[in-house]
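Topology and contacts: notes
Take a look at the letters that make up each chain.
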Amino acid sequence: MGIGRDIRQTIFDGLRIENVRWWGALDEVAFLSAIFDLEMLPSHDSRFQDAAGDIWQHRENNPDDWPDDWVFGDRRLNLLGCVDETFLAFLCRMLHPVVRPDGNEARGLAAKLNEALAPAGIALVEERSIFGRPVYAARPLTSARSFLKHAKASADVLDAGWMANEVLRLERAVDADPDAALGGTKELIESCCKTILAKRGAPAPAGVDLPKLVKLALAELKLVPDDIPDIAKGADEIRVLLNNLATVAVKIGNLRNWYGTGHGRAGNHKGLQPRHARLAVMSGVAFVTFLADTFREQET
């Protein structure tokens, strides 16, 4: 971990721009008391003996005394220069269900925070839930996110700008928005297959579903099991792997239909956990990478 002042300032500027009420549903003393010992911090007002009384007076009793963003520059809290653990505790507190009861609002804010935190190699991930609402914890970026560099390379091989954009969206979603990551993985597979078919002069028919699309792409690259001669070393194992390769892509599509973005949901719908999204993303990227590598080898 190592969250520089520039990253912290970017986050604070973003919260200001979007007028985010960092204290959410709590009063500010209650919010901050979970992170700081306010009774041990000095007051800036001689009428009060500690920061708790000071904050109460100028943010609750007289709420117009201090601006909403006072907390970002308060030297007692030192959010710009405090240790990473304290800074991350502040961000996770903003996302906690008692602060932000609307789980969708919390997830949206988490996605924006994660975009800013990415250069520091940190992500806020859903660690558990309270009554279906996410509770976040700070973690090093997952292997799934680092795995996406292979998908970027695949997009370059296929010269597919749309694929590159989908990879960027996946990077933002894989830790903070599992449903969006699942939907993005399916779209990445679709784009890869359609791009390969178009480059081979055999564009996919309009409205083709994912299982058929995958089958067409594998056939075009001669990656279907029937194309493996019996005399090839490990022929049976290769056939099994190719069958499983196609199955992985199709199953990701099925999961997206059940859990991912792109469909309306009932009010009691529960999405996947981040670990499921990471599994889907890494599996999908493995599929796309193999197809792109095969395409490149055949074209050279």
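Described in the following lines is the structure provided in the data block. These numbers come from a predicted model, not from an experiment.

**Quick word on the side chain of arginine 8**
Within the element layout of this structure, arginine 8 appears in helix 1 (residues 5-17). Classification of arginine 8 as buried rests on a relative accessible area of 2%.

**Here we look at the packing of aromatic side chains**
Per the stated rule, a full pass over the model turns up eight aromatic pairs. Here the aromatic rings of phenylalanine 12 and phenylalanine 87 are separated by 5.8 Å at their centres, their planes lie at 65°, and the arrangement is edge-to-face. Note that phenylalanine 12 is positioned in helix 1 and phenylalanine 87 in helix 5 (residues 84-95), a separation of 75 residues in sequence. For the pair formed by phenylalanine 12 and phenylalanine 87, the shared burial category is buried. Clustering of aromatic rings is evident, with ring pairs tying together Trp22, Trp23, Phe31, Trp66, Trp70 and Phe90. A cation over a ring is seen here: arginine 59 above tryptophan 23, with NZ or CZ 5.3 Å from the ring centre. The ring of phenylalanine 31 is capped by arginine 93, whose NZ or CZ atom sits 5.7 Å from the centre of that ring.

**Concerning helix 6 (residues 103-117)**
Since there are 3.6 residues in each turn of an α-helix, residues three or four apart along the chain are aligned in direction. Across its 15 residues, helix 6 extends 20 Å between first and last C-alpha, which sits within 8% of the 21 Å expected from 1.5 Å per residue. Every buried residue of helix 6 is accounted for by Gly103, Ala106, Leu109, Ala110, Leu113, Asn114, Ala116 and Leu117. The arc that holds every buried residue of helix 6, seen down its axis, measures 150°, which confines them to one face. For helix 6, the secondary structure elements touched by its buried residues are helix 1, helix 5, strand 1 (122-130) and strand 2 (133-140). Where helix 6 begins, the capping side chain belongs to aspartate 102, and its oxygen is found 3.0 Å from the backbone nitrogen of asparagine 104.

Cut-offs used in this document
Residues numbered from 1 in each chain as written. Predicted model: local features only at pLDDT ≥ 70, side-chain atom pairs only at ≥ 80, totals over all residues. Heavy atoms only, no water. Helix = DSSP H or I, 4+ residues; strand = E, 2+ residues; numbered from the N terminus. Buried < 20%, exposed > 50% of the residue type's maximum accessible area, 1.4 Å probe, protein only. Phe/Tyr/Trp six-rings, centres within 6.5 Å; stacked < 30°, edge-to-face > 60°. Lys NZ or Arg CZ within 6 Å of the ring centre and 35° of its normal. Expected span 1.5 Å × (residues − 1). Arc of directions from axis to C-beta. Contact = heavy atoms within 4.5 Å. Polar contact = N/O pair within 3.5 Å; in protein donor to acceptor, adjacent residues only side chain to side chain.

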